[in-house]
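# Overview (structure and organization)
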Amino acid sequence: MPVLCSSCAEKRAVLKRPKTGHSLCKDCFFWAFEEEVHQTIVAAKLFRHGETVGIAASGGKDSTVLAHVMKLLNERYDYGLELMLLSVDEGITGYRDDSLETVKRNQQQYELPLKIVSYEELYGWTMDAIVKQVGLKNNCTFCGVFRRQALDRGAIMLKVDKICTGHNADDVAETVLMNVLRGDIARLRRCTAISTSSEGDGVVPRCKPLKYAYEKEIVLYAYFKKLDYFSTECIYSPNAYRGYARTFLKDLESVRPSSIIDVIHSGENLSVRDGVKMPVQGTCNRCGYISSQALCKSCVLLEGLNRGLPKLGIGKHHRLHGKILSQQPLTEKEQRKLKPVDF
Ligand code: SF4
Ligand code: ZN
């Protein structure tokens, strides 16, 4: 006998919600998923009427679902937002060029303006060229740092008030676990925040409307809505550490689906003991971007690439920042340490 939808009790259930275990028909699932995102947005007061919001769009399932749901909720609940798509082209042949084609189709489908900023135009380096120099071990460090700043720069060019990103509940829970495992207290405190306020010039506030949406449900939503998204993994994706955290979390989820939300709640409720030293935010002396050091991470990584010393931005070499700023040459010993010999 077919199972009836536990919500409307009229139509046939076509799926079991990964988050709650409820058997639902397609329409009731769509409604539940969209309503939860709406509740998240309302409860955290993510947007104000009249704001311009840039949706970080990679062509992947998360950002495609985000763009679809943001457009739908903006109309259904009259948020009064002006939405735009904002993409970063990291310069990864065979991956980002294809996924950007998806974003361009999404732009047509959703009728939203699109801005693409590229690493090549911003930094003079593509990820293809960076991987050639640094190899496949620390490439994601470069990519992550550059992306963060690229999104800000794109958002400033577009004059948006806020950026929203497609980070989902699994991503947030993984990040909580990774920060616990690394003992990174400063990041642990920040990583569960649903939105960041403007921390200084050049930084556009960000928010995560899908923070409580399970990845499995995002996939189901995209599948049943027949959304057009790109599902290939990046060709330079080693990121082993996150991979372990991800596998661990998936194992936990298979035993107890609430694990994902539980980890997020744990992260949200952790408090840091008084007296624990936290980095003090200032600005980069070279580019003006936020930084807790004399030079921001992006400038140090770029300097390392341009000098052929890619390890400069990996690990702690803060005491060399003064030399870099004043364009002083490094000693042979300093240079030897930073050459990519054991990448
Ligand atoms: Fe960049 Fe690494 Fe992500 Fe590829 S997997 S897009 S290199 S951060
Ligand atoms: Zn800088």
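One structure accompanies this document, and this report is about it. Not measured: the values here are computed from a predicted model.

On to the nonpolar core, then. Among the nonpolar cores identified, the biggest contains 40 residues, and F33, F47, I55, M70 and Y221 are the most heavily contacted of them. Only α1 (26-43), β3 (52-56), α2 (61-76), β4 (82-89), α3 (96-110) and α9 (215-224) provide two or more residues apiece to this core. When residues of this core are assigned to their parent elements, the largest contribution, seven residues, is made by α2. Every residue in contact with I55, bar those within four places of it in the chain, is listed here: S63, L66, A67, M70, L83, M84, L85, L86, L112 and C164. Among the nonpolar cores identified, the runner-up in size contains 30 residues, and V88, V134, F142 and I163 belong to it.

Across the sheet, which stays open at both edges, the six strands sit in the order β5-β4-β3-β6-β8-β7 with mixed pairing between neighbours. What marks the edges here is a single partner per strand, and that holds for β5 (114-118) and β7 (195-196). Where β4 and β5 come together, five bridges link them in parallel fashion. Within β5, the residue paired with S87 across the bridge is I116. Across the sheet, α2 touches β3, β4 and β6 (162-164), and the angle it forms with β3 is around 155 degrees. Of the strands in this sheet, β4 and β5 are in contact with α3, which crosses β4 at around 165 degrees.

Here the focus is a nonpolar patch on the surface. A surface patch of nonpolar side chains, amounting to about 380 Å² of accessible area, comprises L181, Y241 and Y244. Residue position: L181 is located in helix α7 (residues 169-182). L181 gets classed as exposed once you look at its relative accessible area, which sits at 59%.

What follows concerns α2. When the terminal C-alpha atoms of α2 are compared, their 22 Å separation across 16 residues agrees well with the 22 Å that a helix rising 1.5 Å per residue should span. Just downstream of α2, D78 is the residue with a positive phi angle, here 50 degrees.

On to the site of ligand 1, then. Around ligand 1, the surrounding shell consists of I92, N139, C140, C143, R147, C234, Y236 and S237. For the shell around ligand 1, the class distribution of residues is five nonpolar, two polar and one charged.

This part takes up the packing of aromatic side chains. Applying the stated criterion to the full structure yields eleven aromatic pairs. Ring centres 6.3 Å apart and planes at 45 degrees place the aromatic pair F29 and F30 in the tilted group. Given the relative accessible area of 0%, F29 is considered buried. Ring plane angle 55 degrees and centroid distance 6.1 Å describe the contact between Y95 and F230, whose orientation is recorded as tilted. With Y95 in the loop between β4 and α3 and F230 in the loop between α9 and α10 (240-255), this residue pair connects regions lying 135 residues apart in the sequence. Counting every residue linked through ring pairs, the aromatic cluster contains F29, F30, F33 and Y221. Above the plane of the ring of F30 lies K225, whose end atom (NZ or CZ) is 4.3 Å from the centre.

Inspection of the secondary structure puts V131 in helix α5 (residues 127-134). The spacing of V131 and Y236 is 105 residues in sequence and 8.1 Å in space, taken between C-alpha atoms.

Attention now moves to the coordination of the zinc ion (ligand 2). C284 (SG), C287 (SG), C296 (SG) and C299 (SG) make up the full set of protein donors to the zinc ion (ligand 2), lying at 2.2 to 2.4 Å. If you look at the zinc ion (ligand 2), its four donor atoms make angles of 107 to 115 degrees with each other, and the shape they trace is tetrahedral. Residue classification places C287 among the partly exposed residues on the basis of a relative accessible area of 37%. Overall, C299 belongs to the buried group, its relative accessible area being 9%.

Turning to the side chain of E174, a few remarks are in order. Inspection of the secondary structure assignment puts E174 in helix α7. Judged by relative accessible area, which is 1%, E174 ranks as buried. Among the polar contacts made by the side chain of E174, one reaches the side chain of R242 at a distance of 2.9 Å. In this view, E174 contacts R242, A245, R246 and L249; residues no more than four positions away in its chain are not counted.

So, on to the pattern of salt bridges. Enumeration over the complete set of coordinates arrives at 29 salt bridges. Two residues, K11 and D27, come together in a salt bridge whose shortest N-O distance is 2.9 Å. Residue K11 is found in the segment before β1 (15-16), and its partner D27 is found in helix α1; the two are separated by 16 residues along the sequence. With relative accessibility at 45%, the residue D27 sits in the partly exposed group. The salt bridge partner of D262 is R256, with a shortest N-O separation of 3.1 Å. In this structure R256 comes out as partly exposed when scored by relative accessible area, which is 48%. Overlapping salt bridges bring together K61, D62, D170, D171, E174, E215, K216, R242, R246, K250 and E253 as one network.

Rules used throughout
Residues numbered from 1 in each chain as written. Chains lettered and ligands numbered in written order. Predicted model: local features only at pLDDT ≥ 70, side-chain atom pairs only at ≥ 80, totals over all residues. Heavy atoms only, no water. Core = buried A, V, L, I, M, F, W, Y, C linked by side-chain atoms within 4.5 Å. Buried < 20%, exposed > 50% of the residue type's maximum accessible area, 1.4 Å probe, protein only. Helix = DSSP H or I, 4+ residues; strand = E, 2+ residues; numbered from the N terminus. Contact = heavy atoms within 4.5 Å. Pairing = 2+ DSSP bridges. Axes fitted to C-alpha atoms, helices over the stretch in contact; angles between N-to-C directions. Patch = residues over 30% accessible without salt bridge, like charges linked within 9 Å, V, L, I, M, F, W, Y side chains within 5 Å. Areas by Shrake-Rupley, 256 points an atom, 1.4 Å probe, with all protein chains shown as cover. Salt bridge = Lys/Arg side-chain N within 4 Å of Asp/Glu carboxyl O. Expected span 1.5 Å × (residues − 1). Near = heavy atom within 4 Å. Nonpolar A, V, L, I, M, F, W, Y, C, P; charged D, E, K, R; others polar. Phe/Tyr/Trp six-rings, centres within 6.5 Å; stacked < 30°, edge-to-face > 60°. Lys NZ or Arg CZ within 6 Å of the ring centre and 35° of its normal. Donors = N, O, S within 2.8 Å, 3.2 Å for Na, K, Ca; no water. Tetrahedral: all angles 85-135°; square planar, octahedral: opposite > 155°, others 65-115°. Polar contact = N/O pair within 3.5 Å; in protein donor to acceptor, adjacent residues only side chain to side chain.

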